[in-house]
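Structure assessment
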Amino acid sequence: MEEQSFNFDKDRLFALGDLIDRGSQSEECLELLNKPWFFSVIGNHEYIFLEQFSQQLFDTSNLKVGNQWLGRWKDNPCQLALWFEVIQTQMPV
């Protein structure tokens, strides 16, 4: 973004979902949804998170799906609820 002289007041960044489960910064990627210049549609990994949250079944063992990062948050239902809300309201299909 710096290389492209991204202007946070005028420019917009659009993503195609799957902000979570790829790399070690899923939490930071979700925080981007609170930025006025960032927009993303929902990806299958966010959809899986919504389903797991709704059922309160967080499977952190399936390495093919991801969700390893959720292991750090299973005992913090308030934070999980915040992410559920932001994904549900900020990431359209």
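First, a word on what this report is: a plain description of the structure on this page.

Reading guide: rules and limits
- Residues numbered from 1 in each chain as written.
- Predicted model: local features only at pLDDT ≥ 70, side-chain atom pairs only at ≥ 80, totals over all residues.
- Heavy atoms only, no water.
- Helix = DSSP H or I, 4+ residues; strand = E, 2+ residues; numbered from the N terminus.
- Buried < 20%, exposed > 50% of the residue type's maximum accessible area, 1.4 Å probe, protein only.
- Lys, Arg positive; Asp, Glu negative; His and termini not counted.
- Charge placed at Lys NZ, Arg CZ, Asp CG, Glu CD.

Take the overall build of the protein next. Within the protein one finds 3 helices and 2 strands. For the protein, the N- to C-terminal ordering of α and β elements is β-α-β-α-α. Dimensions along the principal axes, computed over C-alpha positions, put the protein at roughly 40 × 25 × 25 Å. Taking all 93 residues of the protein together, 35% fall into the buried category. A gap of 2 Å separates the mean positions of the 7 positive and 14 negative side-chain charges of the protein.

Turning to unusual backbone geometry, a few remarks are in order. Phi angles above zero are rare outside glycine, and S5 is one such case at about 55°. A residue is classified by how much of its surface remains accessible, and S5, at 58% relative accessible area, is exposed. Positioned with a positive phi, D18 is a non-glycine residue whose angle comes to about 55°. For D18, a relative accessible area of 30% corresponds to the partly exposed category.

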